There are 2 protein chains.
Amino acid sequence: MLPTEDRFTRLPAPPYYAVIFSSQRTDRDAAGYDEASARMVELVRQQPGFLGFESTRDGAGFGITVAYFDSEDAIRHWRNNAEHAEARREGHRSWYDHFELRIARVERAYGGVRREQDAP
Amino acid sequence: MLPTEDRFTRLPAPPYYAVIFSSQRTDRDAAGYDEASARMVELVRQQPGFLGFESTRDGAGFGITVAYFDSEDAIRHWRNNAEHAEARREGHRSWYDHFELRIARVERAYGGVRREQDAP
């Protein structure tokens, strides 16, 4: 199992923005998809206003990624990135059977980590 | 592979609200967790203002569920459901090593389905 903490992103106090991307992968071009995914992570980390992301996909190819940004301007800036636009085109053409994208303003947030003393 | 369309939820035009729940499962009590999950789905579908949800979890136990509601009141109502509160307590105690919850107002949404003529 991967180290737990790596999968969660640390975010500032709300408000901030979430881009919620759900997608069903085709079974095509796994290598091209993996390479583009890694490149998009590298690129988005350089975007001004990017706060972090969480992502998972099950064995049937259904995935949800939520990326967080500090403003709508930051989302627009990322959307207009030329390499990102080309990756989206390839996504629509080849990698995804279906995707849904929702852009939302996060208003409240909380979380918890299980305490060791809770373990039986 | 599961039928693709079953994994996506159909939503009205924004605005509406999203509860973004990311979690790392422990490896404990798979049967109890599965039973409670199925019961929560059954219950939330009866909640006034519930619009739908999407959910996925990978082989390492990291999952994201996004549930959609038509208002903050509907979220509050679901939060106050007694069976749901008991399931959350058991989640903190036993099922989740770590979880994060973010409540957001969805402002824009769009999606796409790959057209057959795009296939090679």
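The notes below deal with the structure included here. Given the structure is predicted, the values throughout are model-derived calculations rather than measurements. (Residues numbered from 1 in each chain as written. Chains lettered and ligands numbered in written order. Predicted model: local features only at pLDDT ≥ 70, side-chain atom pairs only at ≥ 80, totals over all residues. Heavy atoms only, no water.)

**A look at the overall build of chain A**
Looking only at helices and strands, chain A has three helices and four strands in total. Listed by position from the N terminus, the elements making up chain A come as β-α-β-β-α-α-β. Oriented by its inertia axes, the alpha-carbon framework of chain A measures out at about 50 × 35 × 20 Å. Out of the 120 residues belonging to chain A, those deemed buried represent 48%. Accessible area for chain A stands at about 6200 Å²; split by element, carbon and sulfur atoms hold 50% of it. Mean positive and mean negative side-chain charge positions of chain A (17 and 20 charges, respectively) differ by 3 Å. (Helix = DSSP H or I, 4+ residues; strand = E, 2+ residues; numbered from the N terminus. Buried < 20%, exposed > 50% of the residue type's maximum accessible area, 1.4 Å probe, protein only. Areas by Shrake-Rupley, 256 points an atom, 1.4 Å probe, with all protein chains shown as cover. Lys, Arg positive; Asp, Glu negative; His and termini not counted. Charge placed at Lys NZ, Arg CZ, Asp CG, Glu CD.)

**Comments concerning the pairing of strand β1 (residues 16-25) of chain B**
Residues and elements named next belong to chain B. Across the ten residues of β1, ten count as buried, placing the element largely inside the fold. Both faces of β1 are covered, namely the face carrying Tyr16, Ala18, Ile20, Ser22 and Gln24 and the face carrying Tyr17, Val19, Phe21, Ser23 and Arg25. Relative to strand β4 (residues 96-113), β1 runs antiparallel, the two being bridged by ten bridges. When the sheet's bridge partners are listed, Phe21 is paired in β4 with Leu101. Pairing geometry for β1 and strand β3 (residues 62-69), over eight bridges, is antiparallel. Paired with Gln24 across the bridge in β3 is Phe62. (Pairing = 2+ DSSP bridges.)

**Some remarks on the pattern of salt bridges**
Counted by the stated rule, this structure contains 19 salt bridges over all chains. Between Asp58 of chain B and Arg7 of chain A there is a salt bridge whose closest N-O contact spans 2.6 Å. Taken together, the residues span two chains, with Asp58 of chain B in the loop between β2 (50-57) and β3 and Arg7 of chain A in the segment before β1 (16-25). With respect to class, Asp58 of chain B is no different from Arg7 of chain A; both count as buried. Between Asp97 of chain B and Arg114 of chain A there is a salt bridge, with its nearest N and O atoms 3.6 Å apart. Here the residue Asp97 of chain B occupies a position in strand β4, and Arg114 of chain A occupies one in the segment after β4 (96-113), the pair thus bridging two chains. Counted as one network, the salt bridges with shared partners bring together Arg39, Glu42 and Glu83 of chain A. (Salt bridge = Lys/Arg side-chain N within 4 Å of Asp/Glu carboxyl O.)

**Points about the packing of helix α1 (residues 30-44) of chain B against helix α3 (residues 82-95) of chain B**
Residues and elements named next belong to chain B. In contact at an axis separation of 11 Å, α1 and α3 are set at 150° when each is read in the N-to-C sense. Viewed along their axes, α1 and α3 adopt a mutual orientation that is roughly antiparallel. For the pair α1 and α3, the crossing hand works out as left-handed. Where α1 abuts α3, its residues Gly32, Tyr33, Ala36, Arg39, Met40 and Leu43 lie against Glu83, His84, Ala87 and Trp95. Residues that form the contact of α1 with α3 fall into these classes: six nonpolar, two polar and two charged. (Axes fitted to C-alpha atoms, helices over the stretch in contact; angles between N-to-C directions. Parallel < 35°, antiparallel > 145°, perpendicular 65-115°, else oblique. Left-handed = near helix turned anticlockwise from the far one by under 90°. Contact = heavy atoms within 4.5 Å. Nonpolar A, V, L, I, M, F, W, Y, C, P; charged D, E, K, R; others polar.)

**With respect to the packing of aromatic side chains**
Per the counting criterion, the structure on display carries 14 aromatic pairs over all chains. Each ring, one from Phe21 of chain B and one from Tyr96 of chain B, has its centre 5.3 Å from the other, and the planes form 70°; the classification is edge-to-face. With Phe21 of chain B in strand β1 and Tyr96 of chain B in strand β4, this residue pair connects regions lying 75 residues apart in the sequence. As far as the burial class goes, Phe21 of chain B and Tyr96 of chain B line up, both buried. Each member of the aromatic cluster is reached from another via a ring pair, and the members are Phe21, Tyr33, Trp95, Tyr96 and Phe99 of chain A. Lying across the ring of Tyr33 of chain A, Arg25 of chain A places its NZ or CZ 4.1 Å from the centre. (Phe/Tyr/Trp six-rings, centres within 6.5 Å; stacked < 30°, edge-to-face > 60°. Lys NZ or Arg CZ within 6 Å of the ring centre and 35° of its normal.)

**Concerning the side chain of His84 of chain B**
Residue and element names in this part refer to chain B. In this fold, His84 is placed in helix α3. Classification of His84 as buried rests on a relative accessible area of 13%. Ignoring anything within four residues of it in the chain, the contact list for His84 reads Met40, Leu43, Trp78 and Arg79.

**Focus: the interface of chain A and chain B**
Counting from both sides, the interface comprises 55 residues of chain A and, opposite them, 55 residues of chain B. For the pairing of chain A and chain B, the buried interface totals around 4900 Å² over both sides, and the portion due to carbon and sulfur atoms is 53%. When the buried area of chain A at its contact with chain B is split by residue, Arg102, Tyr110 and Arg114 of chain A rank highest and sum to 15% of it. At the boundary of chain A with chain B, the tally comes to seven salt bridges. (Buried area = accessible area lost by both parts, 1.4 Å probe.)

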